[in-house]
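Listed here are the chains, written in short residue letters.
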Amino acid sequence: MQSTKRFLGVVSLALINVAAIVSLRNLSFMVEYGFGAIFFYIAAALFFFIPSALVCAELATAWPEAIGIYGWVARAFGPRVGFFAQWMNWMFSVASFPTVLTFLAAVLAYIIDPTLAHNAKFMFFTIIGIFWFLTLINFLGMKTSARLTTIGGFLGTVIPGLLIIVLAGIWIMMGKPIALAINQSAFQVDLSLGNIVFFGAVVLGLAGMEMSAFYANETEHPKKVYPKAILLSTLLILGVSILGSLAMAVVVPKISIVSGVMQVFNAFFQDLQMGWAVKLIALMAILGSLAGNNTWIIGPAKGLHHALTAGFMPRWLFKTNKGNQPVAILLAQAILGTLLALAFFIMPSVEIAFWLVTAITTQFAVLMYMLLFASALKLRMTKPDAERPYKIPGGILGVSLISGVGIITCLIVFALGFVLPSQFQESFTLSHTLLFEGYLIAGLLLLSLPALVCKRREIP
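Thresholds, definitions, all that
Residues numbered from 1 in each chain as written. Predicted model: local features only at pLDDT ≥ 70, side-chain atom pairs only at ≥ 80, totals over all residues. Heavy atoms only, no water. Helix = DSSP H or I, 4+ residues; strand = E, 2+ residues; numbered from the N terminus. Buried < 20%, exposed > 50% of the residue type's maximum accessible area, 1.4 Å probe, protein only. Contact = heavy atoms within 4.5 Å. Areas by Shrake-Rupley, 256 points an atom, 1.4 Å probe, with all protein chains shown as cover. Patch = residues over 30% accessible without salt bridge, like charges linked within 9 Å, V, L, I, M, F, W, Y side chains within 5 Å. Salt bridge = Lys/Arg side-chain N within 4 Å of Asp/Glu carboxyl O. Axes fitted to C-alpha atoms, helices over the stretch in contact; angles between N-to-C directions. Parallel < 35°, antiparallel > 145°, perpendicular 65-115°, else oblique. Left-handed = near helix turned anticlockwise from the far one by under 90°. Nonpolar A, V, L, I, M, F, W, Y, C, P; charged D, E, K, R; others polar. Expected span 1.5 Å × (residues − 1). Bend = angle between axes of the 7 residues up to and from the residue. pLDDT = per-residue confidence, 0-100. Phe/Tyr/Trp six-rings, centres within 6.5 Å; stacked < 30°, edge-to-face > 60°. 1 Å grid on protein atoms, 1.4 Å probe; cavity = no way out; pocket = protein on both sides within 12 Å on 5 of 7 lines; lining within 4 Å. Points joined across faces, edges and corners; volume = space filled by probe spheres on them.

Draft legend 1. Local environment of the overall build of the chain. Within the chain, the regular secondary structure consists of 18 helices and zero strands. In the chain, buried positions account for 55% of the 460 residues. Long-range contacts, defined here as pairs at least 24 residues apart, represent 81% of the contacts in the chain between residues at least 6 apart. Carbon and sulfur atoms provide 70% of the accessible area of the chain, an area that totals close to 19600 Å².

Draft legend 2. Quick look at a nonpolar patch on the surface. On the surface, a cluster of nonpolar side chains totalling about 600 Å² of accessible area is made up of Phe125, Ile335, Leu339, Leu342, Phe345, Ile346 and Leu435. At the level of elements, α13 (327-341) and α14 (343-346) are the ones that each hand at least two residues to the nonpolar patch. Along the chain, Ile346 turns up in helix α14. Here Ile346 falls in the partly exposed class, since its relative accessible area comes to 37%.

Draft legend 3. Representation of the packing of helix α15 (residues 350-382) against helix α16 (residues 395-416). Interaxial distance between α15 and α16 falls to 9 Å at its minimum, and their mutual angle equals 165°. Taken together, the axes of α15 and α16 lie roughly antiparallel to each other. Crossing handedness for the pair α15 and α16: left-handed. Contacts from Thr362, Gln363, Val366, Leu367, Tyr369, Met370, Phe373, Ala374, Ala376, Leu377, Arg380 and Met381 in α15 reach Gly395, Ile396, Val399, Ser400, Ile402, Ser403, Gly406, Ile407, Cys410, Leu411, Val413 and Phe414 in α16. Per-class residue counts for the contact of α15 with α16 are 17 nonpolar, six polar and one charged.

Draft legend 4. Main features of helix α2 (residues 37-62). Compared with an ideal rise of 1.5 Å per residue, which puts 26 residues at 38 Å, α2 spans 36 Å between its outermost C-alpha atoms and is within 8% of the ideal. Maximum bend of α2: about 45°, positioned at Ala45. In terms of burial, α2 is a largely internal element, 20 of the 26 residues being buried.

Draft legend 5. Highlighting the environment of Leu280. Inspection of the secondary structure assignment puts Leu280 in helix α12 (residues 276-308). Among the residues examined, Leu280 registers a relative accessible area of 45% and is labelled partly exposed. Remark: the alpha-carbon pair of Leu280 and Ile111, spanning 169 residues in sequence, is separated by 8.8 Å.

Draft legend 6. Looking closely at the confidence of the model for the chain. Confidence along the chain averages 78 in pLDDT terms, with 79% of residues attaining 70 or more. Mean pLDDT across the secondary structure elements of the chain bottoms out at helix α17 (residues 422-425), with 64, and peaks at α16, with 94.

Draft legend 7. Main features of the packing of helix α3 (residues 69-77) against helix α4 (residues 79-112). Contact pair α3 / α4: the axes reach a minimum separation of 7 Å and the direction vectors enclose 150°. Between α3 and α4, the angle is such that the two are roughly antiparallel. Helix-helix and strand crossings are classified by hand; for α3 and α4 the assignment is right-handed. Each of Ile69, Tyr70, Val73, Ala74 and Phe77 in α3 lies in contact with α4, whose residues at this interface are Pro79, Val81, Gly82, Phe83, Ala85, Gln86 and Asn89. Classifying every residue of the contact of α3 with α4 by side-chain character gives nine nonpolar, three polar and no charged.

Draft legend 8. View of the packing of aromatic side chains. The tally for this structure, following the rule as stated, stands at eight aromatic pairs. Between Phe48 and Tyr369 the ring centres are 4.9 Å apart and the planes differ by 80°, which places this aromatic pair in the edge-to-face class. Of the two residues, Phe48 sits in helix α2 while Tyr369 sits in helix α15, which places them 321 residues apart along the sequence. According to the relative accessible area criterion, Phe48 is buried, its value standing at 1%. You can call Tyr369 buried: its relative accessible area is 1%.

Draft legend 9. Representation of empty space enclosed by the protein within the structure. Counted by the stated rule, this structure contains four cavities of 30 Å³ or more. Approximately 60 Å³ is the volume found for the second largest cavity. Counting residues per element, the ones that place at least two in the lining of the second largest cavity are α8 (198-205), α15 and α16. It is α15 that provides the largest number of residues to the lining of the second largest cavity, a total of five residues. For the lining of the second largest cavity, the residue count by class is six nonpolar, five polar and no charged.

Draft legend 10. Local environment of the environment of Ile172. Take Ile172: it is sitting in helix α6 (residues 146-173). By relative accessible area, Ile172 is classed as partly exposed at 44%. For the pair Ile172 and Ala247, spaced 75 residues apart in sequence, the C-alpha separation works out to 9.9 Å. Beyond its immediate stretch of four places on either side in the chain, Ile172 contacts Ile178 and Val250.

Draft legend 11. Structural context of the pattern of salt bridges. On inspection of all chains with the given rule, the structure shows three salt bridges. Of the charged contacts, one joins Arg380 and Glu58 as a salt bridge, the two residues approaching to 2.7 Å between their closest N and O atoms. Remark: Glu58 occurs in helix α2 and Arg380 occurs in helix α15; sequence separation between them is 322 residues. Take Arg380 and Glu58: they sit in the same class, and that class is buried. With its nearest N and O atoms 3.0 Å apart, the salt bridge here joins Arg388 to Glu58. Taken together, the residues Arg388 in the loop between α15 and α16 and Glu58 in helix α2 connect sequence positions 330 residues apart. The exposure class of Arg388 is buried, given its relative accessible area of 7%. By sharing partners, the salt bridges in this structure join Glu58, Arg380 and Arg388 into a single network.

Shown next as structure tokens:
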């Protein structure tokens, strides 16, 4: 009997990783560091990206029926801890919506009026408007097709990302002034606490391997194919991220972490007397962002709905509509996303609000990944005979090293989340700092509380 299993090759698997992780909005974070950004990207790859990829590959190929985070962690530490991990995964997704949609709102501002990208009211109402619009679309059972998502991602991420690099080369060849310092001191990395904080943003930008790892089980030879795919995707992701950040730094020395990509395109095309192209690029970025966001809105909601079948949380969260869409969870995440977006009114500026929501997103992400790394180690010890088509090499020592490095990195990133970046510290008063810390701590506690206090009930 001929197998119907689809096998993926090295290039296909690597491109899945790139599509799941690369995002234009993350490029703006590291522009200010110039060549020093290379250090942060390589460190994040060695201490987080590669360890998370290897751990997820082992778990996904050993227990493909587990359906992700809940199944993996529950097998290692029991249903309650598994549910907490899945809750963190959902919170990570919910908290990321305001940051993702902030980029979309900033792009939209460049079509209407670029100054609106720094207007708190415009950003807030645009973010929640798009968020609720996409939520209601999913109420109707309308899903973005794989083709639309692929086309949207290609038009809205790949083309603009490559275009930034190409235009930077044209800028240099035309003899335009280069904003990026190229000297010995430019390659020295400033490791002061206010600068190291951005390491967390780089780690967040490289998160997402728990999604692409599911495909590892669809390769004919996981032991050979997956490591090669990880190496290729690491080179591609770091290449786009590093070259993209440096290309942006060539043109604009001081860049907004919210609207930086459009700021650079505006500088490029205005100088080339092609101002009309800015709006074209903005429309492409909007298409890509809408396609991606529609998928992310329904995906994590269905993941949590599956975890709820373990008997945690109130029954009303199980509610689905005729299209079998988890409408109760979709409503809950839309409300939570709206509350997080209120940071745009509370914080002194759009950039600081954007960073605050990014910090909350990062905290939830690293909490989830710590449990993921610990689960891989626990399962290797308690279930050593389980069939693992892909297995982290080196035996128990190898998986201990990989998981240990990942956990320590997550702990460091979690601690850094409570520190303000150096570019904000000068303009912050003590009351602003206390407000930032208070909002961050309150957000983490309140959004984690349901998973901590919920009681498990019997499923009929």
